[in-house]
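Understanding the architecture of this molecule
Each chain, written out:
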Amino acid sequence: MAPRITYKRRHAYATRSNKIRKLRLPGGGLGIQYVKKTTKGPQTPSGDAGRINGVRVIRALTRCSTCGAFSSTCVRRDARLDA
């Protein structure tokens, strides 16, 4: 039987936000790595769900408007200023 693994956070259900990848650790152990969500990526403007070939599918990150950082403190401050 295959070795069992346990989730490290959230709940024990395989939902969209709780996907993992099994890894073999250096000692023969089994570990997990959480996988980020993927986006649908850029599409054609006609809206027919056409994908643009050759353009990478990346997840957009929220940046601070003043310093360009990704920190939660800066992003929270920007959200308060926008509101």
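Attention in this report is confined to the structure presented alongside it.

Some words on the overall build of the protein chain
When helices and strands are tallied, the protein chain shows one helix and two strands. In the protein chain, which comprises 83 residues, the share counted as buried stands at 10%. A separation of at least 24 residues holds for 12% of the contacts in the protein chain among residues at least 6 apart in sequence. On the protein chain, roughly 7,400 Å² of surface is accessible, and the fraction owed to carbon and sulfur atoms is 55%.

Structural notes on the pairing of strand β1 (residues 20-24)
Where β1 and strand β2 (residues 30-34) come together, five bridges link them in antiparallel fashion. Considered in β2, the bridge of Lys-22 is made with Ile-32. Between the end of β1 and the start of β2, which pair antiparallel, lie five residues, with Gly-28 showing a positive phi angle near 90°.

Some points on the side chain of Asn-18
For Asn-18, the location among the structural elements is in the segment before β1. Only 2.6 Å separates the side chain of Asn-18 from the backbone oxygen of His-11, close enough to count as a polar contact. When sequence neighbours within four positions are dropped, the list of residues in contact with Asn-18 reads Tyr-7, Arg-9, Arg-10, His-11, Tyr-13 and Tyr-34.

A few points about the packing of aromatic side chains
Inspection of every chain in the model, using the stated rule, returns zero aromatic pairs. Note that Arg-9 overlies the ring of Tyr-34, its terminal NZ or CZ placed 3.9 Å from the centroid.

The rules we used
- Residues numbered from 1 in each chain as written.
- Predicted model: local features only at pLDDT ≥ 70, side-chain atom pairs only at ≥ 80, totals over all residues.
- Heavy atoms only, no water.
- Helix = DSSP H or I, 4+ residues; strand = E, 2+ residues; numbered from the N terminus.
- Buried < 20%, exposed > 50% of the residue type's maximum accessible area, 1.4 Å probe, protein only.
- Contact = heavy atoms within 4.5 Å.
- Areas by Shrake-Rupley, 256 points an atom, 1.4 Å probe, with all protein chains shown as cover.
- Pairing = 2+ DSSP bridges.
- Polar contact = N/O pair within 3.5 Å; in protein donor to acceptor, adjacent residues only side chain to side chain.
- Phe/Tyr/Trp six-rings, centres within 6.5 Å; stacked < 30°, edge-to-face > 60°.
- Lys NZ or Arg CZ within 6 Å of the ring centre and 35° of its normal.

Everything listed is a geometric property; what it means functionally is a separate question.
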